[in-house]
Amino acid sequence: MKFKLSHFVITLFLFLGFSSSDVDDISSTKQNQSLVHIGLILDVDSEFGSMVDLCIGMAITDFYSDHPNYKTRLKLHTKDAKNLVDINFAVQELLKYEKVHGVLGPHGSTQDTFVAELGERIHVPFVSFTARTSALSYGESRYSVRTTPDDSVQAKALAELCRGFEWTQVVVLYEDTEYGHQFLSHLNKALQQVEVGIAYMIAIPTSVKDYHLWNELSKLLTKQTRVFVVHMSPSLGYRLFSVAEKVGMMREGYAWIITDSLSNFMNSVDSATRNSMEGVVGLRPFVKDSKNLQSFRERWKRNMLLKNSTGPTMELNIYGLWAYDTINALAIALEKIRPVNSNSLYESGTKVMIEGANLSISSYGPRLLSELSATKFRGLSGDFQLDDGKLKASSYEIFNVIGNSEKTVGFWNPDKGIVKEFSSTGETSYSASAKELKQIIWPGDSVARPKGWDIPTIDGNLRVGVPWKSGFTEFVNLSVDPITNYTNASGFSVDIFLASLKMLPFLNYKLYCYNDTKNINWSYDNMLARIPEEFDMVVGDTTIWAPRADKVDFSQPYSESGVVLVVKNRKPFDMWIFIKPLRWDLWLAIIAACILMGIVLRILENQPTNNIEDVVRPSEKKRGMGYLSPVTVLAFPERNMATNNWSFFVLVFWVFMAFILMQSYTANLSAILTVDQLKFAFSDNYYVGCQDGSFMIKFLTEQLHISGSRLRKYASAEDYHKAMSMGSKNGGIDAIFDEIPYMKLFLKRYDSEYKMVGPTYRTGGFGFAFPKGSPLAVYFSKAIVDITQGPNMTAIEQKNFGPGYSSQDPLASMISQQTSSLTVFEFAGLFIIVGSVTLFALFCSATPIGRKLTKKMIHVYHVIKKCIHFRNSKVTATEDNVLVGVISPEGEVDNDETLHDDGTAASLGGDRDQQAMEDAGQHGNDREIQETGRIDNVEERNS
């Protein structure tokens with residue numbers, strides 16, 4: 001009896017609280033309240049529909065209990081719809097018979113076009129609390145309102161999370177629906193902005209069988225990418241993880257990220273499914289806990305138990321909170337529009353024919369849409385505010401599935417990105433990186449962050465292909481044990497690989513020898529074609545070349561790049577080598593200059609002179625020296641070879657010119673004797689050598705357009721040298737085209753016999769090869785950059801190539817430069833200067849005007865000199881307190897001096913006077929010459 005009574009009370013409570021629309025009508029009539037009819041489309045028999053229906057009923061009751069004085073009432077008309085056809089019929093019935101001014105329901109992307117067109121035509125807003133994206137823009141669907149955040153926000157959060165974990169590529173598994181494709185477009189755009197690629201996009205049908213899931217996941221096992229983003233409905237997504245665990249993809253090294261399409265329903269997952277998802281990282285909208293939310297959850301649980309005590313139930317999730325807040329927003333908007341005049345709810349006399357039904361155009365709908373768009377309040381799910389027809393972006397919670405529970409490891413905020421914590425007020429405390437999130441337990445109970453990729457190998461070792469070659473073993477030298485078949489490798493390329501592995505300690509490897517030299521047409525391209533079937537990467541002297549880059553990925557180069565031409569030195573020495581530094585025109589110019597200089601000097605030497613030497617030197621001797629002085633002055637540059645001051649002046653510039661000419665001659669002759677001259681040109685019978693197995697044959701024929709019949713292949717430096725020694729006429733070659741690293745070794749061995757000549761043709765240098773899209777290329781590239789720019793690079797080079805070798809050495813010293821003879825043009829300026837000086841001297845010495853000008857210049861010079869001597873004599877007298885007499889160059893005595901009877905100057909200083917006289921005689925060029933005797937008259941000589 002007690003049970004029946006309690007049951008009756010509960011039933012009455014539910015009846016009065018949630019499902020009695022008649023009570024609403026009666027109460028509204030009694031209180032003279034206005035009713036606004038709103039339609040609700042829902043699958044009330046489903047677990048999701050039952051959960052949402054309860055939230056909506058509680059929202060209406062809670063709102064009008066908190067606002068009893070409101071004059072408008074929201075009147076819901078619920079239609080049950082289980083599929084798309086039911087939804088379309090339900091919409092028409094609500095508009096035609098119930099005269100609703102708004103439709104509330106879980107319409108999705110498949111109804112976008114229908115809802116947008118219908119809303120525009122009859123001016124009725126369609127409000128969804130489940131739709132997350134739309135194929136139409138806001139301008140195309142103004143009457144389609146989503147009270148949920150757009151999926152583009154979630155896609156941005158996912159992209160930043162992947163970038164924070166340093167994952168370069170991901171695999172996207174999504175449900176093959178319109179909604180799944182729309183989300184994929186948002187995600188692809190967001191990942192591109194952070195430079196994270198999508199390796200594979202796998203569309204899974206909704207009704208797929210488990211064996212099909214097994215096949216799809218098994219294919220992904222053979223791929224390198226180990227990060228998977230899952231965007232599916234709960235019914236499909238949870239089955240996917242159960243199969244993934246059985247396939248072996250929930251172990252260490254794998255990373256799984258789920259969107260809120262699964263995360264929002266995690267509280268309704270059974271324990272078996274949750275165990276299969278251990279280590280998964282998920283995103284879902286963040287809901288800050290509050291007293292109102294806690295109270296609502298407790299009441300919701302009680303009501304759900306009372307409403308459906310036997311059937312399956314779904315736990316309360318974010319969609320129920322969004323539905324609750326949507327009812328509150330509609331109720332607030334309706335109250336802002338009041339009072340409602342029933343005569344003004346529709347446009348008079350206007351109807352629209354849609355699929356055979358005449359529908360009235362609502363005049364109330366636009367006002368409802370406007371007020372709803374402007375409504376702002378704090379709801380259970382957070383801040384409610386619409387932005388362009390959708391809920392304004394909010395923060396996301398990052399959580400980790402651990403056993404039967406979940407752990408929040410961080411958050412994502414639209415403004416600050418990834419953050420570790422929220423403050424007590426709900427604001428983000430500080431920005432952080434993904435590495436600073438709380439400890440995450442990854443699949444396989446691993447705490448180490450998955451690197452995002454792995455090499456799909458059978459025995460767990462990286463299969464490294466290494467080429468076998470007979471020549472240039474300094475780069476790769478292989479030996480294979482015939483018993484154990486173990487491959488041992490050494491050389492420059494192998495040392496770079498081993499040094500790179502020290503920076504990538506998570507890689508295990510095994511070497512495999514590639515030897516196809518028995519095939520006459522073997523090449524490195526054949527070896528690269530075995531990636532990835534036989535090799536996971538190729539290590540060797542493999543050139544980075546554009547045609548190869550279409551099939552494989554390369555690392556950064558670790559060697560010098562470029563193709564050069566090497567030819568034999570041919571020294572053009574002969575008995576007339578000494579005349580080659582200067583061209584014939586320069587030789588003629590020098591000879592002519594010598595003759596003209598001799599003539600000028602003879603003219604100058606015949607002019608009156610002021611030098612004492614003229615007194616003693618016979619005129620015949622002067623004339624002879626005048627002819628020879630331009631030449632003899634170079635061998636005997638003494639001052640007495642010129643008796644005239646102007647001759648001496650000219651000879652100074654002649655010596656200057658001769659010095660420059662001699663230095664230039666010496667330098668050019670040295671260049672001729674030390675730098676080999678290239679005398680090579682392709683003739684009709686030439687042959688060019690290249691390395692066997694390399695890309696050079698295609699390079700020479702396709703890019704340099706050399707006939708293939710002119711090419712001969714060789715394997716080693718010794719073969720090159722032998723063929724070059726023979727020459728093309730004897731079955732050899734006249735030149736070698738090969739890459740710089742090989743040719744530097746070749747020239748190092750045969751230094752004096754060959755030279756690099758001509759331009760350097762660009763190539764990429766040596767690098768490691770990987771399958772297309774392999775993340776190993778990025779990791780090895782970073783390691784190679786550190787090695788080649790580090791201090792150990794020189795040691796690796798000298799270990800394999802010998803002491804003194806360095807890739808940093810410039811090639812300029814190895815490339816021949818043509819040394820040409822010097823011409824008169826290069827010295828034209830010098831000849832002009834010397835010629836101008838000679839003409840000026842001739843003018844001043846041989847013309848009356850020049851002589852007068854010279855005398856005036858000499859007179860000015862003596863006056864300046866006298867002033868200088870007078871000033872010096874005053875300074876000396878002041879310092880020594882002794883009056884000193886100085887004889888001027890003209891033989892006059894200053895006022896302070898006395899003159900002896902014999903005509904010599906005397907002063908109070910005695911011996912000091914005698915010293916002053918000697919100094920004055922030197923300044924006046926009064927030299928005593930033993931060979932010519934005593935000069936009688938000093939004044940006559942100076943004149």
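Residues numbered from 1 in each chain as written. Predicted model: local features only at pLDDT ≥ 70, side-chain atom pairs only at ≥ 80, totals over all residues. Heavy atoms only, no water.

Caption draft 1: Just the packing of helix α4 (residues 84-96) against helix α5 (residues 112-122), in detail. Taken N-terminus to C-terminus, the directions of α4 and α5 make an angle of 10°; their axes are 12 Å apart at the nearest point. Taken together, the axes of α4 and α5 lie roughly parallel to each other. Here N88, V91 and L95 of α4 lie close against α5, whose contacting residues are F114, L118 and I122. Of the residues that constitute the contact of α4 with α5, the class distribution is five nonpolar, one polar and no charged. (Axes fitted to C-alpha atoms, helices over the stretch in contact; angles between N-to-C directions. Helix = DSSP H or I, 4+ residues; strand = E, 2+ residues; numbered from the N terminus. Parallel < 35°, antiparallel > 145°, perpendicular 65-115°, else oblique. Contact = heavy atoms within 4.5 Å. Nonpolar A, V, L, I, M, F, W, Y, C, P; charged D, E, K, R; others polar.)

Caption draft 2: Looking closely at helix α3 (residues 47-66). The terminal C-alpha atoms of α3 lie 29 Å apart, and with 20 residues this matches the ideal 28 Å at 1.5 Å per residue to within 8%. Counting buried positions over the 20 residues of α3 gives 15, a clear majority of the element. (Expected span 1.5 Å × (residues − 1). Buried < 20%, exposed > 50% of the residue type's maximum accessible area, 1.4 Å probe, protein only.)

Caption draft 3: Representation of a nonpolar patch on the surface in the model. On the surface, a nonpolar cluster with roughly 720 Å² of combined accessible area is contributed by W584, L588, I591, I595, L596, I599 and I603. Counting through the fold element by element, I591 comes out in helix α18 (residues 584-605). (Patch = residues over 30% accessible without salt bridge, like charges linked within 9 Å, V, L, I, M, F, W, Y side chains within 5 Å. Areas by Shrake-Rupley, 256 points an atom, 1.4 Å probe, with all protein chains shown as cover. Salt bridge = Lys/Arg side-chain N within 4 Å of Asp/Glu carboxyl O.)

Caption draft 4: Layout of α5. Regarding α5, the residues found buried are D112, V115, A116, L118, G119 and I122. A positive phi of about 60° marks H123, the residue just after α5.

Caption draft 5: Layout of the sheet that holds strand β27 (residues 711-714). Read from one edge to the other, the open sheet built from five strands follows the order β27-β26-β28-β25-β29, with strand pairing classed as mixed. On the outer flanks of this sheet lie β27 and β29 (754-761), each paired with one strand and no other. Averaged over all neighbouring strand pairs, the angle between strand axes comes to 30°, with direction disregarded. Pairing analysis gives four bridges linking strand β26 (residues 688-691) to β27, with the strands arranged parallel. Residue Q691 lies in a different strand from β27, and its bridge partner there is Y714. Those strands touched by helix α24 (residues 740-749) are β25 (563-568), β26, β28 (735-739) and β29, and its axis lies near 125° from that of β28. (Pairing = 2+ DSSP bridges.)

Caption draft 6: Fine view of the side chain of T72. Residue placement: T72 occurs in strand β2 (residues 72-80). You can call T72 buried: its relative accessible area is 0%. A distance of 2.8 Å separates polar atoms of two side chains, one belonging to T72 and the other to E335. (Polar contact = N/O pair within 3.5 Å; in protein donor to acceptor, adjacent residues only side chain to side chain.)

Caption draft 7: Structural view of the environment of A116. Its location among the elements puts A116 in helix α5. In the structure, A116 is positioned 20 residues away from L136 in sequence and 8.5 Å away in space, judged by C-alpha atoms. When sequence neighbours within four positions are dropped, the list of residues in contact with A116 reads L136, E140 and S141.

Caption draft 8: Here's a closer look at the packing of α3 against helix α13 (residues 318-337). Packing of α3 against α13 brings their axes to within 8 Å, and their N-to-C directions diverge by 35°. For the element pair α3 and α13, the recorded crossing hand is right-handed. On α13, the residues that touch F48, M51, V52, C55, I56, M58, A59, I60, D62, F63 and Y64 of α3 are Y319, G320, A323, Y324, I327, N328, A331 and I332. Looking at the contact of α3 with α13 residue by residue, the classes come out as 16 nonpolar, two polar and one charged. (Left-handed = near helix turned anticlockwise from the far one by under 90°.)

Caption draft 9: Here's a closer look at the sheet that holds strand β9 (residues 255-258). Across the sheet, eight strands lie side by side as β7-β6-β8-β9-β10-β16-β17-β18; this open sheet has mixed pairing. Because the sheet does not close on itself, it has two edges, and the strands there are β7 (197-204) and β18 (417-419). Across this sheet, the average inter-strand angle for adjacent strands is 25°, counted without regard to direction. Across five bridges, strand β10 (residues 281-285) lies against strand β16 (residues 396-402) in antiparallel orientation. Of the residues in β16, the one forming a bridge with L283 is I398. Taken strand by strand, helix α9 (residues 234-247) contacts β6 (169-175), β7, β8 (227-231) and β9, and its axis lies near 170° from that of β9.

Caption draft 10: Quick peek at the nonpolar core. Counting 84 residues, the largest nonpolar core has I56, L173, L217 and W256 as the members making the most contacts within it. The dominant element in this core, judged by the number of residues it contributes, is α13, at 14 residues. Every residue in contact with W256, bar those within four places of it in the chain, is listed here: L173, L217, F228, V230, F241, A244, M249, M250, V280, V281 and P443. With 52 residues, the next largest nonpolar core counts V466, I740, A777 and I796 among its residues. (Core = buried A, V, L, I, M, F, W, Y, C linked by side-chain atoms within 4.5 Å.)

Caption draft 11: Here's a closer look at the pattern of salt bridges. As enumerated under the stated definition, the model contains 28 salt bridges in all. The partner of R132 in a salt bridge is D260, and the shortest N-O contact between them spans 2.6 Å. Residue R132 is found in the loop between β4 (126-128) and β5 (144-149), and its partner D260 is found in helix α10 (residues 260-263); the two are separated by 128 residues along the sequence. Exposure class is identical for R132 and D260. Each is buried. Across the pair D541 and K469 runs a salt bridge, and its minimum N-O distance is 2.5 Å. Of this pair, D541 sits in the loop between β23 (537-538) and α17 (546-549) while K469 sits in the loop between β19 (462-467) and β20 (477-480), placing them 72 residues apart in sequence. One continuous salt-bridge network, built from bridges that share partners, spans D43, D45, D80 and K82.

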